[in-house]
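Okay, here's what each chain looks like letter by letter:
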Number of protein chains: 2
Amino acid sequence: MTEKITSKDNSLIKHIAKLMSSAKYRHENACFVCEGIRLCMDAVFSGAQIICFCFTEKAFEKNRENAGLICSAAKRCVELSAPLFSKLSGTDTPQGFLCIVRSEEKSFKAEKGSCYAALERIQDPSNLGTILRTAEALGADGVILSSDCCDVYSPKVVRGSMGAVFRLPVCIVEDLTQTVWELGKKGIRTFASTPRNAVNINETDFSDGGVMLIGNEGNGLDDSTIDACTDRVMIPMKGRAESLNASAAASILLYKLICG
Amino acid sequence: MTEKITSKDNSLIKHIAKLMSSAKYRHENACFVCEGIRLCMDAVFSGAQIICFCFTEKAFEKNRENAGLICSAAKRCVELSAPLFSKLSGTDTPQGFLCIVRSEEKSFKAEKGSCYAALERIQDPSNLGTILRTAEALGADGVILSSDCCDVYSPKVVRGSMGAVFRLPVCIVEDLTQTVWELGKKGIRTFASTPRNAVNINETDFSDGGVMLIGNEGNGLDDSTIDACTDRVMIPMKGRAESLNASAAASILLYKLICG
């Protein structure tokens, strides 16, 4: 038996709307929303805890098999009227599927020989989503985020990551500089990407793996974080453009670290 | 003497609004709009033909030196009231500077030993802007676009390119497959990026340069275009993500072609 909701004043509807708009609310409730058939299926296949599955009648009928799978994985299944779903949706053409998913920080211990990305104060959700997607596609073992990055569970990041948030170990740390120090002391190489006093990535030996640090879109990495790293690396650049976009730089840097 | 416009019914205001919203109108008028101090200065320094410079009084006063430079380069200078500028602006926090710039296709002949990107049906303006920015930063000699890519002069692309549209030779071709064929016949290597029957980019010799072809976000390159290329290359991928975002893939591929 599934419930049916048509009123925008229903408490679940208010809950979802707040989960979609407020990072603080997501954090307090330890859950987030993913939208669309593909992301909902990603949640199921990655074994995420699905607190609630919401759908429109039309979407359910059109995707019976997937809908059935998500329903059996979800604790609660709720049919929403199409206008209500549209109102909640973050997209112009909603697919009629969304899930509330438990957010579980997959903590991990960085090991020698493994490859990680570490992001400091990345502010643009599109950049964060793209970097997570790239890190997963290239085979990174995990991603470390400074606590002042934009929220990894915002709808834009979840969508941009193409579900990587469900699968990739992501660890949020209070003090990234300190974390980098400790990794270095354990013999793990930590690469600060910075144009100053840095070695061309083509002349850097990445064979031991390590952690690639990527800084804020406007200002790059903090000086203290750069100082805490064991190595400094840079992408050779020729053009007049001052720099690469953060996610473009991350793609090249992670490629070199992992596959290069 | 500068003019002053306060009415939204003024013909120049209507002209700018249409230039910002319609690719067809931009094409018919062979001009486009760039907004913000940095992009307007980029237009000046790259020698672009500035048809009109619009500014608010406040922005002019705050940036006298830059405003003076742009004014002396522009054919026409117009002060707009702040509310009018806000209405026109594509951003939430307008800087009070915009220019109408002549769009001139910088045609170029691909040469042996040079490096180019060629994009087929890229649809997302953010991707196109980022790829242009990356191509310039890495030192590409030019970019070839299929005519069904999104418009290179849309405000989002111009902004995302960080001014690369002013400096990078960009050539739009009606039949990309045919162009690729002809380049191959001239002895220029053309690399199709595709996961099928392709060689790992780590095992590909890029020492002669060539053209890196990147396809549509959802569907990749057309089969006919892949067949027309001299080489097929792929980025090694490990994760469950089906693919990289088009601009992330382009970053890695262009890096390998140009700097790798």
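Parameters at a glance
- Throughout, a residue's number is its position along its own chain's written sequence, starting from 1.
- Numbering of ligands from 1 and lettering of chains from A proceed in the order in which they are written.
- Confidence filtering applies because this is a predicted model: local features only for residues at pLDDT of at least 70, side-chain atom pairs given and counted only at 80 or more, and all residues used for totals across whole chains, interfaces and linings.
- Working from all heavy atoms in the structure, the side-chain values ignore hydrogens and water.
- Numbering goes from the N terminus for both helices and strands, where a helix is a DSSP run of H or I of at least four residues and a strand is a run of E of at least two.
- Note on classification: 1.4 Å probe, protein chains only; a residue is buried when its accessible area is under 20% of the maximum for its type, exposed when over 50%, partly exposed between these limits.
- Note on contacts: a residue pair is in contact if any heavy atoms of the two residues lie within 4.5 Å.
- All accessibility values rest on the Shrake-Rupley procedure with a 1.4 Å probe; residue burial counts only the protein chains present in the view.
- Positive charges come from Lys and Arg, negative ones from Asp and Glu, while His and the chain ends are left out of the count.
- Here the site of a charge means NZ on Lys, CZ on Arg, CG on Asp, or CD on Glu.
- Least squares is used to superpose the copies, and the fit set is the C-alpha atoms of residues whose pLDDT is at least 70 in both copies.
- As used here, the term nonpolar core means buried Ala, Val, Leu, Ile, Met, Phe, Trp, Tyr and Cys residues forming a set that is joined through side-chain atoms within 4.5 Å.
- Salt bridges are defined as contacts in which a side-chain nitrogen from Lys or Arg sits within 4 Å of a carboxyl oxygen from Asp or Glu.
- When DSSP finds two or more bridges between a pair of strands, those strands are recorded as paired.
- Axes, fitted as lines to C-alpha atoms, cover a helix only where it is in contact. Angles between the N-to-C directions of the axes lie from 0 to 180 degrees.
- Put simply, angles under 35 degrees are roughly parallel, angles over 145 are roughly antiparallel, angles from 65 to 115 are roughly perpendicular, and the rest are oblique.
- A clockwise turn of the near helix away from the far one marks a right-handed crossing, whereas an anticlockwise turn of less than a right angle marks a left-handed crossing.
- Side-chain classes are defined by residue name, with Ala, Val, Leu, Ile, Met, Phe, Trp, Tyr, Cys and Pro counting as nonpolar, Asp, Glu, Lys and Arg as charged, and the others, Gly among them, as polar.
- In protein, a polar contact means a hydrogen-donor-capable atom and an acceptor-capable atom, both N or O and within 3.5 Å, with residues adjacent in sequence counting only if both atoms are side-chain atoms; elsewhere, any N or O pair within 3.5 Å suffices.
- Pairing of aromatic side chains here covers Phe, Tyr and the six-membered ring of Trp, requires ring centres within 6.5 Å, and sorts the geometry by plane angle: under 30 degrees stacked, over 60 edge-to-face, intermediate tilted.
- To obtain the arc, one takes the directions from the helix axis to the C-beta atoms.
- Every patch collects residues that have over 30% relative accessible area and no salt bridge, joining them within 9 Å if they carry like charges and within 5 Å if they are nonpolar side chains (Val, Leu, Ile, Met, Phe, Trp, Tyr).

Colleague: Sorry if this is basic, but what is going on with the overall build of chain A here?
Modeller: On a plain count of helices and strands, chain A comes out with 12 helices and 12 strands. For chain A, buried positions account for 55% of its 260 residues. Put simply, 78% of the contacts in chain A that link residues at least 6 apart link residues at least 24 apart. Carbon together with sulfur atoms contributes 47% to the accessible area of chain A, which is approximately 11600 Å² in total. A gap of 4 Å separates the mean positions of the 30 positive and 31 negative side-chain charges of chain A.

Colleague: Would you explain the relation of the copies chain A and chain B in this entry?
Modeller: One chain copy maps onto the other through a rotation about an axis and a shift parallel to that axis. Screw-axis analysis of chain A against chain B gives a translation of 0.0 Å along the axis, an RMSD of 0.0 Å, and a rotation angle of 180°. Such a combination of rotation and displacement between the chain copies is what one expects of a two-fold axis. Take the interface residues of chain A: 100% of them recur as interface residues in chain B, which is what a same-surface contact looks like.

Colleague: Explanation requested: the nonpolar core in the structure shown.
Modeller: Within soluble globular proteins, side chains that are nonpolar tend to cluster in buried spots. Counting residues in each nonpolar core, the largest one holds 128 residues, and the members touching the most others are A:Phe53, A:Leu132, B:Phe53 and B:Leu132. Look past the residues within four positions of A:Leu132 in its chain and what remains in contact with it is A:Val143, A:Val152, A:Val157, A:Ser161, A:Ala164, A:Val165, A:Leu168 and A:Val170.

Colleague: How should I be thinking about the pattern of salt bridges in this particular structure?
Modeller: If the charged atoms of two oppositely charged side chains come close together, the side chains can form a pair. All told, the structure shown has 28 salt bridges over all chains when counted by the stated rule. One salt bridge in this structure joins A:Lys8 and A:Asp9, with 3.7 Å as the shortest N-O distance. For A:Lys8, a relative accessible area of 47% corresponds to the partly exposed category. In this structure, B:Glu61 and B:Arg64 form a salt bridge, with 3.4 Å as the shortest nitrogen-oxygen distance. Overlapping salt bridges, with partners in common, bring together A:Arg38, A:Asp42, A:Glu136 and A:Arg167 in one network.

Colleague: Help me understand the sheet that holds strand E10 (residues 199-200) of chain B, please; the structure alone is not making it clear to me.
Modeller: All names here are of chain B. Taken together, the 7 strands give an open sheet; going across it, the order is E8-E7-E6-E11-E9-E12-E10, and neighbouring strands pair in parallel fashion. Strands at the two margins of the open sheet, each flanked by one partner only, are strand E8 (170-173) and E10. Pairing of strand E6 (residues 115-119) with strand E7 (residues 142-146) involves 4 bridges; the strand directions are parallel. Note on E7: the bridge partner recorded for leucine 119 is leucine 145. Its contacts with the sheet place helix H7 (residues 125-138) against E6, E7 and E8, and it is angled at close to 155° to E7.

Colleague: Could you clarify how one ought to interpret the packing of H7(B) against helix H12 (residues 246-258) of chain B in this entry?
Modeller: Two quantities define a packed helix pair, namely the angle between the axes and the distance from one axis to the other. Residues and elements named next belong to chain B. Between H7 and H12, the least distance of the axes is 9 Å, while the angle of their chain directions is 15°. Looking at the two axes, H7 sits roughly parallel to H12. When the axes of H7 and H12 are compared, the crossing they make is right-handed. In this structure, H7 uses Asn127, Thr130, Ile131, Thr134, Ala135 and Leu138 to contact H12, whose residues at the interface are Ala246, Ser247, Ala250, Ser251, Leu254, Tyr255 and Ile258. Of the residues in the contact of H7 with H12, the class split is 8 nonpolar, 5 polar and no charged.

Colleague: For this particular structure, what's the right way to read the packing of helix H3 (residues 37-45) of chain B against helix H5 (residues 64-73) of chain B?
Modeller: Residue and element names in this part refer to chain B. Where H3 contacts H5, the two axes come as close as 10 Å, and the packing angle between them is 45°. As far as their axial angle goes, H5 and H3 are oblique. Relative to H5, H3 is oriented so that their crossing is left-handed. Taking contact as the criterion, the partners of Ile37, Cys40, Met41 and Val44 in H3 are, on H5, Asn66, Leu69, Ile70 and Ala73. A breakdown of the residues in the contact of H3 with H5 according to their chemical character gives 7 nonpolar, 1 polar and no charged.

Colleague: What's the story with the interface of chain A and chain B in this structure? I'm lost.
Modeller: By a frequent convention, interface size equals the accessible area lost on bringing the separate parts together. The interface is formed by 31 residues belonging to chain A together with 32 residues belonging to chain B. Put simply, chain A and chain B have 0 salt bridges between them. Scanning the region where chain A abuts chain B turns up 10 residue pairs in polar contact (both at pLDDT 80 or more). Looking at the side of chain A that touches chain B residue by residue, the classes come out as 14 nonpolar, 8 polar and 9 charged.

Colleague: Looking at this structure, I do not really get the packing of aromatic side chains. What am I missing?
Modeller: We describe a pair of aromatic rings using the distance from one ring centre to the other and the angle between the two ring planes. All names here are of chain B. In this structure the tally under the stated criterion is 12 aromatic pairs over all chains. A ring pair is formed by phenylalanine 32 and tyrosine 153, whose centres lie 4.4 Å apart and whose planes are at 25°; its orientation type is stacked. Here phenylalanine 32, found in strand E2 (residues 31-35), pairs with tyrosine 153, found in the loop between E7 and helix H8 (155-160); they are 121 residues apart in sequence, far enough to count as distant. No difference in accessibility class separates phenylalanine 32 from tyrosine 153, as the two residues are buried.

Colleague: Help me understand helix H1 (residues 11-21) of chain A, please; the structure alone is not making it clear to me.
Modeller: Residue and element names in this part refer to chain A. Listed in full, the buried residues belonging to H1 are Leu12, Ile13, His15, Ile16, Leu19 and Met20. Each buried residue of H1 lies within a common arc of 160° when the element is viewed along its axis, so the set occupies one face. Those residues of H1 that are exposed and aimed more than 90 degrees away from the buried face are Ser11 and Ser21. By the N-cap criterion, in which a side-chain oxygen at the helix start approaches the backbone nitrogen of a residue two or three places on, H1 is capped by asparagine 10, the distance to leucine 12 being 2.7 Å.

Colleague: Can you walk me through the pairing of strand E5 (residues 97-102) of chain A in this structure?
Modeller: Regular strands have side chains that alternate between both faces of the sheet. All names here are of chain A. Most of E5 is tucked away, with 5 of its 6 residues classed as buried. Pairing geometry for strand E2 (residues 31-35) and E5, over 5 bridges, is antiparallel. When the sheet's bridge partners are listed, phenylalanine 32 is paired in E5 with valine 101. Relative to E5, strand E3 (residues 50-55) runs antiparallel, the two sharing 5 bridges. Looking across to E5, one finds that isoleucine 50 is bridged to valine 101.

Colleague: Explain a positive patch on the surface here, please?
Modeller: The grouping of A:Lys156, A:Arg159, B:Lys156 and B:Arg159 at the surface amounts to a positive patch. Inspection of the secondary structure puts A:Arg159 in helix H8 (residues 155-160).

Colleague: Just to check I follow, could you spell out the sheet that holds strand E1 (residues 3-5) of chain A for this structure?
Modeller: Within a sheet, adjacent strands bond to each other through the backbone by hydrogen bonds, running parallel or antiparallel. Residue and element names in this part refer to chain A. Strand order in this open sheet of 5 strands is E1-E4-E3-E5-E2, and the pairing throughout is mixed. In the strand order of this sheet, the two ends are held by E1 and E2, each with one partner. For this sheet, the mean inter-axis angle between neighbouring strands, taken without regard to orientation, is 25°. Against the sheet, helix H5 (residues 64-73) touches E3, strand E4 (77-80) and E5, its axis set at about 145° to E3.

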